[in-house]
There are 2 protein chains.
Amino acid sequence: MNKKAVVLLSGGVDSTTTLAIAQSQGYEVWAMSFRYGQRHALELDRARDIAASMKAKKHIIVDIDLRAFGGSALTDEIDVPKDRFEDEIGDGIPITYVPGRNTIFLSFAMAWAETLEIDTIFIGVNALDYSGYPDCRPEFIEAYQRMANMATKAGVEGKTELKILTPLISMTKAEIIQKGSELGVDYGLTLSCYDPDDFGRACGLCDSCFLRKKGFAEAGVIDGITYLS
Amino acid sequence: MNKKAVVLLSGGVDSTTTLAIAQSQGYEVWAMSFRYGQRHALELDRARDIAASMKAKKHIIVDIDLRAFGGSALTDEIDVPKDRFEDEIGDGIPITYVPGRNTIFLSFAMAWAETLEIDTIFIGVNALDYSGYPDCRPEFIEAYQRMANMATKAGVEGKTELKILTPLISMTKAEIIQKGSELGVDYGLTLSCYDPDDFGRACGLCDSCFLRKKGFAEAGVIDGITYLS
């Protein structure tokens, strides 16, 4: 019997690499994305293309509405910061932080996994390049896994233990890109930019573009995407 | 300064009583309900009426789509069990269990609380009459609270600690109804039935109706709603 896993897939470099790593470990992948009031819906198109081209067993997009209560530059009409110096990135918790986002995403992944009787979830969180998001830290993931095993039928019946796997947790962006390249990931399909134009071209100036460019340069891998700056 | 709390409000007896208890403890209430693919949307109308009549500071309904992955009689086209004997109720985990529901609800409550800078969440879970739901047990709530304090900005910065309060956790249905009556709750506004008719009249035969009728009888309180059976 094949191993099965739910993989959270945003359509960026990290989640796409995570999907490739899960497959390289022998998992069949059920990919899950969210329409959560992102200012641009392009990343969902990319997630769909990535899931299809990497032959995920299934891909679903779950509608949730984080805009109902606001609080982040990624869902509100706040300007995304541009062209910051490196030492400004990761200094405190940035305004692009979406309160509760990973907690909410993992909760849906847990519910879907329980429905499918799958006991493994992959999430591409990263503690080194995490830019100050509290819900990307290993302590958070451990606490989440412990809670999830109290929350589910299988957990209560002692049948199975839900595992949350975070293969990128201690990798640098360059290491992630190197690993993905070895696994044949087509990064041309991925979108990292917080503020792309209508054609999906990256701004080249936001924190996410900055970290991506730096990662590809350090990895010595050519980045196939187009930057406006 | 007034104390503030987010209260999860489904429109049933337990969450309505929880709201009244929160107010009796001096909390201003931000009430939160979910449109999650319930087979009947009536309970959201009731939640709105309850929030208005009990003067919640604000009430929001968050759209989420649990139907996307199915798995429960409350969101699928499975028949709700009717007219069971008492000893059949609470024997194992019922098919009305929605995988991950409380985990998902609490995750949204946590995110909203963080946005509002509120550090208290009330949820009307109950370990005695919980009918076998794993995510109504005190161990689950404790694990959730621990995780939530790892997930949030305030938690990381050590500024505040999120508390999840469950005033009903060890009360019987009769005790809940007695308490609510003392606090002046109008239970005529609440809806418990898993399978009401189009006018919101309770079937009188599902497990939830059974437990409600028994609770009102034991509490010696008149139930103001209409039952079809």
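To start, this report covers the structure provided alongside it. Since the structure is predicted, the reported quantities are computational estimates derived from the model, not experimental observations.

### Brief notes about the pattern of salt bridges
With the rule as written, the count across this model stands at 18 salt bridges over all chains. Of the charged contacts, one joins Asp-14 of chain A and Lys-173 of chain A as a salt bridge, the two residues approaching to 2.9 Å between their closest N and O atoms. Linking Asp-14 of chain A in helix α1 (residues 13-24) with Lys-173 of chain A in helix α6 (residues 173-182), this pair joins segments that are 159 residues apart in sequence. Side by side, Asp-14 of chain A and Lys-173 of chain A carry an identical accessibility label, which is buried. In this structure, Asp-45 of chain B engages Arg-48 of chain B in a salt bridge whose closest nitrogen and oxygen atoms are separated by 2.7 Å. One end of the pair, Asp-45 of chain B, and the other, Arg-48 of chain B, are both in helix α2 (residues 42-53), three residues apart, so they sit about a helical turn from each other.

### Description of the packing of aromatic side chains
A full pass over the atoms with the stated rule returns 11 aromatic pairs over all chains. Summarising the aromatic geometry, the rings of Phe-34 of chain A and Phe-105 of chain A are spaced 4.2 Å apart at their centres and angled 0° between planes, so their arrangement reads as stacked. Of this pair, Phe-34 of chain A sits in strand β2 (residues 27-35) while Phe-105 of chain A sits in helix α3 (residues 101-116), and the two are 71 residues apart along the sequence. Taking relative accessible area as the criterion, Phe-34 of chain A reaches 4% and is therefore assigned buried. Relative to Phe-216 of chain A, the ring of Tyr-187 of chain A lies with its centre 5.6 Å away and its plane at 90°, an arrangement referred to as edge-to-face. Separated by 29 residues along the polypeptide, Tyr-187 of chain A in the loop between α6 and α7 (207-219) and Phe-216 of chain A in helix α7 bring together distant segments of the chain. What makes Tyr-187 of chain A buried here is its relative accessible area of 5%. For Phe-216 of chain A, a relative accessible area of 3% translates into the label buried. Through a chain of ring-to-ring contacts, the aromatic side chains of Phe-34, Phe-105 and Phe-108 of chain A together with Phe-34, Phe-105 and Phe-108 of chain B assemble into a single cluster. Looking at Lys-3 of chain A, its charged tip hangs above the ring of Tyr-27 of chain A, at a distance of 4.4 Å from the centre.

### Describing helix α6 (residues 173-182) of chain B
Residues and elements named next belong to chain B. Of the positions making up α6, those classed as buried are Lys-173, Ala-174, Ile-176, Ile-177 and Gly-180. The buried residues of α6 all sit within an arc of 160° when viewed along its axis, so they share a single face. Contact partners of the buried residues in α6: α1 (13-24) and α7 (207-219). At the C-terminal side of α6, Gly-184 shows a positive phi close to 80°.

### A word on unusual backbone geometry
Most peptide bonds adopt trans geometry, and most residues besides glycine take a negative phi value. All names here are of chain B. Although it is not a glycine, Lys-55 sits at a positive phi angle of roughly 55°. You can call Lys-55 exposed: its relative accessible area is 69%. Phi at Glu-117 takes a positive value of approximately 55°, unusual for a residue other than glycine. Within the secondary structure layout, Glu-117 lies in the loop between α3 (101-116) and β4 (120-122).

### Focus on the relation of the copies chain A and chain B
Least-squares fitting of chain A to chain B yields an RMSD of 0.0 Å, with the superposition described by an axial translation of 0.0 Å and a rotation of 180°. Overall, the copies show the geometry of a two-fold rotation axis. Identified as the residue of chain A closest to the rotation axis by C-alpha distance is Ile-64 of chain A, at 2.5 Å. In this assembly the copies share their binding face: 100% of the residues contributing to the interface of chain A also contribute to that of chain B.

### Side note on the state of the cysteines
Scanning the model with the defined rule gives zero disulfides over all chains in all. Cys-206 of chain B provides the cysteine sulfur closest to Cys-136 of chain B, a residue in no disulfide bond, and the two sulfurs are 16 Å apart.

### Description of the interface of chain A and chain B
Taken together, the contacts link 38 residues of chain A with 38 residues of chain B. For the pair chain A and chain B, the two sides together bury roughly 3,100 Å², of which 73% comes from carbon and sulfur. Counting every contact that joins chain A to chain B gives zero salt bridges. At the surface where chain A touches chain B, the tally comes to three residue pairs in polar contact (both at pLDDT 80 or more). At the level of secondary structure, the elements contributing two or more residues to the side of chain A that touches chain B comprise β3 (58-63), α3, α4 (138-151) and α5 (153-156) of chain A. Broken down by element, the residue count for the side of chain A that touches chain B peaks at nine residues, all from α3 of chain A. Taken together, the residues of the side of chain A that touches chain B sort by class into 22 nonpolar, seven polar and nine charged.

Parameters and conventions
- Residues numbered from 1 in each chain as written.
- Chains lettered and ligands numbered in written order.
- Predicted model: local features only at pLDDT ≥ 70, side-chain atom pairs only at ≥ 80, totals over all residues.
- Heavy atoms only, no water.
- Salt bridge = Lys/Arg side-chain N within 4 Å of Asp/Glu carboxyl O.
- Helix = DSSP H or I, 4+ residues; strand = E, 2+ residues; numbered from the N terminus.
- Buried < 20%, exposed > 50% of the residue type's maximum accessible area, 1.4 Å probe, protein only.
- Phe/Tyr/Trp six-rings, centres within 6.5 Å; stacked < 30°, edge-to-face > 60°.
- Lys NZ or Arg CZ within 6 Å of the ring centre and 35° of its normal.
- Arc of directions from axis to C-beta.
- Contact = heavy atoms within 4.5 Å.
- Least-squares fit on C-alpha atoms with pLDDT ≥ 70 in both.
- Disulfide = S-S within 2.5 Å.
- Buried area = accessible area lost by both parts, 1.4 Å probe.
- Polar contact = N/O pair within 3.5 Å; in protein donor to acceptor, adjacent residues only side chain to side chain.
- Nonpolar A, V, L, I, M, F, W, Y, C, P; charged D, E, K, R; others polar.

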